[in-house]
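# Structural overview for review
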Amino acid sequence: MTHPQPSRRARALYRAAPRVLRPTLQRTRPSGVPLAVLRGAFDGLGRVLTSPHVGAEPGTGYEPVDTFGPEGETVRGEWVVAPSAQDRDPRDGVIVWFHGGGYLLSSPGNARAVTSTLSQLAGIPVFAVDYRRAPENPYPAAFDDALAVSRWMGRAGVAMDRVVLAGDSAGAHLALSLAIHLAARGEETPAALALHSPVLDPLGSPADSRMPSARPPLLAQDPLMPPEFARRAAISFLDGIAADDPRIAVLNAPDDVIAALPPVLTMVGETELFRTDAERLRDRLTDAQVANDLHVVPGVVHSWITYGRAMPESLHAIEVTVAFTRTHLGRPHVDGPDALGAGATRSTSPTPRTLTPRSETYVSRWHNLEPVDDEFLLSAPVRIVHTLDTNASVDELWAALEADDAIVSWSPVVTGSDWPRPHGIGSVRTVTIGGIATVRERFYRWDEKERMTFGVAQTSVPGIRRMGEDYVVTETASGSRLVWTVAIEPSRLPGPATGLVVAGLRTAVGQLAAGLERRLRASERAF
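Note that the structure is a prediction, hence the values are computed from the model and not measured.

### Regarding the pairing of strand 4 (residues 126-129)
- Neither face of strand 4 is exposed, since Val126 and Ala128 on one face and Phe127 and Val129 on the opposite face are all buried.
- For strand 2 (residues 74-81) and strand 4, the ladder comprises four bridges, and the chain directions are antiparallel. When the sheet's bridge partners are listed, Glu78 is paired in strand 4 with Ala128.
- Here strand 3 (residues 94-98) runs beside strand 4; their pairing, made up of four bridges, is parallel. For Trp97, the partnering residue across the bridge sits in strand 4 and is Ala128.
- For the handedness criterion, the β-α-β arrangement of strand 3, helix 4 (residues 112-122) and strand 4 is classed as right-handed.

### Considering the pattern of salt bridges
- Applying the stated criterion across every chain, the model contains 25 salt bridges.
- In this structure, the salt-bridge partner of Asp470 is Arg451, at a minimum N-O distance of 3.0 Å. Of this pair, Asp470 sits in strand 15 (residues 464-475) while Arg451 sits in strand 14 (residues 451-459), placing them 19 residues apart in sequence.
- Each of Glu402, Asp404 and Arg421 takes part in a single network of salt bridges with overlapping partners.

### Looking at the packing of aromatic side chains
- Enumeration according to the criterion identifies 15 aromatic pairs in this entry.
- Their ring planes at 80° and their centres at 5.4 Å tell us that Tyr103 and Tyr139 sit as a pair that is edge-to-face. Remark: Tyr139 occurs in the loop between strand 4 and helix 5 (141-155) and Tyr103 occurs in the loop between strand 3 and helix 4; sequence separation between them is 36 residues. For the pair formed by Tyr103 and Tyr139, the shared burial category is buried.
- One residue, Arg112, lies across the ring of Tyr62, its end atom 3.9 Å from the ring centre.
- Over the face of the ring belonging to Trp419 we find Arg429, whose NZ or CZ atom lies 4.5 Å from the ring centre.

### Notes on the pairing of strand 3
- Among the five residues that make up strand 3, five are buried, leaving the element largely enclosed by the rest of the structure.
- Of the two faces of strand 3, the one carrying Val94, Val96 and Phe98 and the one carrying Ile95 and Trp97 are both buried.
- Bridge analysis of strand 3 against strand 5 (residues 163-168) gives five bridges, and the strand direction is parallel. Bridge pairing in strand 5 places Ile95 opposite Val164.

Definitions and limits used
- Per-chain numbering applies: the sequence of each chain, read as written, is numbered from 1 onward.
- Under the rules for a predicted model, residues below a pLDDT of 70 receive no local features and side-chain atom pairs below 80 are neither given nor counted, while totals for whole chains, interfaces and linings still include all residues.
- Hydrogen atoms and water are omitted, and side-chain values are computed over all heavy atoms in the structure.
- Burial classification: accessible surface area is computed with a 1.4 Å probe over protein chains only, and a residue below 20% of its type maximum counts as buried, one above 50% as exposed, and the rest as partly exposed.
- For helices the rule is a DSSP run of H or I covering at least 4 residues; for strands it is a run of E covering at least 2, with both sets numbered from the N terminus onward.
- In this analysis, strands are considered paired if DSSP registers two or more bridges between them.
- Convention used here: a crossover is right-handed provided that the path from the first strand, over the helix, to the second strand proceeds clockwise when the strands point away from the viewer.
- Any Lys or Arg side-chain nitrogen found within 4 Å of a carboxyl oxygen on Asp or Glu counts as a salt bridge.
- Two aromatic rings, drawn from Phe, Tyr or Trp (for Trp, its six-membered ring), form a pair once their centres lie within 6.5 Å of each other, and the interplanar angle then sorts them: stacked below 30 degrees, edge-to-face above 60, tilted otherwise.
- Cation placement over rings: the criterion is NZ of Lys or CZ of Arg within 6 Å of the ring centroid and within 35° of the ring normal.

Here you go:
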């Protein structure tokens, strides 16, 4: 299968990954504070990508599920119903998505860039499984949760030949593991499997022998995933379970079980650490005469499908998955009890239920930060200074800065803001970034139409000791100028992790400033 040359966005990510992301993973141990920091960074990036108009499908509804299976087991996840799927019954066809993250990271919320786009393009609902993560819940907790979902759907009348199991990375392993379990017991298997960047041999073989022998000239190793982190993550989630457990060693399943599997689509990056896993699976399936299609894609990083509409290669991977899904799902099912409580009602219903996205962030623990002053703004270890020149007057610029919807209306990076009036010295603004990280900002300077300054009093995630921001407004010959300073003192973090935080903040400040400028221009056009 040939693929077009990588897009500009894909090339930029491919070049940045080995400089920022790979070193961070290489030095991070999947436990304690390092894991908490990595989860925060990973979730923050995921929520940015899954914002509407960035990577996710606008107008999609998300409905959380927290219920019990037929044997009293817990079933958690969320229904993802895009506009094109609002009148579809899950029994007509459903994609069950298992998110990646090495069984340690991510969540259904972070996968919305892919699940919402899958739902929209396929025209059917997607159920994203919220399985338990290690190390708090080691294997087989995730597998048990996946099995519970399949039992729950079966009880509600969703036949497995109306289900496509799909996932990326560890989620792809979980999807295949579930299908093998069903096949081994002679139970009905899903209509098809769609596996993206699959991790099928979690412990792997030695790093240098696991990689493909033919290396492209672009890079001599996986640009994102170091084998050391992959192995540490596997040891963490296995927690003593034997590597030859049939739920783990999916590539070693008996020949008759492999032969009973449904058609399989596999997509993997050309330089991925796990490419050989995908190739070994292809060989097993081909030998067993199981229909399968392996796509080896150049110039992409691990789990690139999760970027959704934000990158052409991600959208293409979703389109391939949708075409595969349409080929292998059976005919629609139109009668029988409806017990799933999915967001879309049966296709015979004239008034499908409408879902609304949920972006609220519940903060279970606040982290107090040290106070800041003007000296800190000038001498902080990390300083980001952004200058914005605009044709707007000082009055117009100031009004935009102190508006009730300031920040949140500038960019989808910010998913929530609460700033009660009156604004001024002592006022507190609560801002949620990417739906995952929340900060409380307390203003200590307020010079009307000239300058406002605040220090961050609390954050919902660890990793920052002190943080403050300063907005200085001046008049210019053509309008006005904003000098925006962000000052940060991180807590003790690995050097690459600090670099990741700074790079992310620079990007966020630039996006927010661009959004502010667009708002000012829109105001000018309105008059």
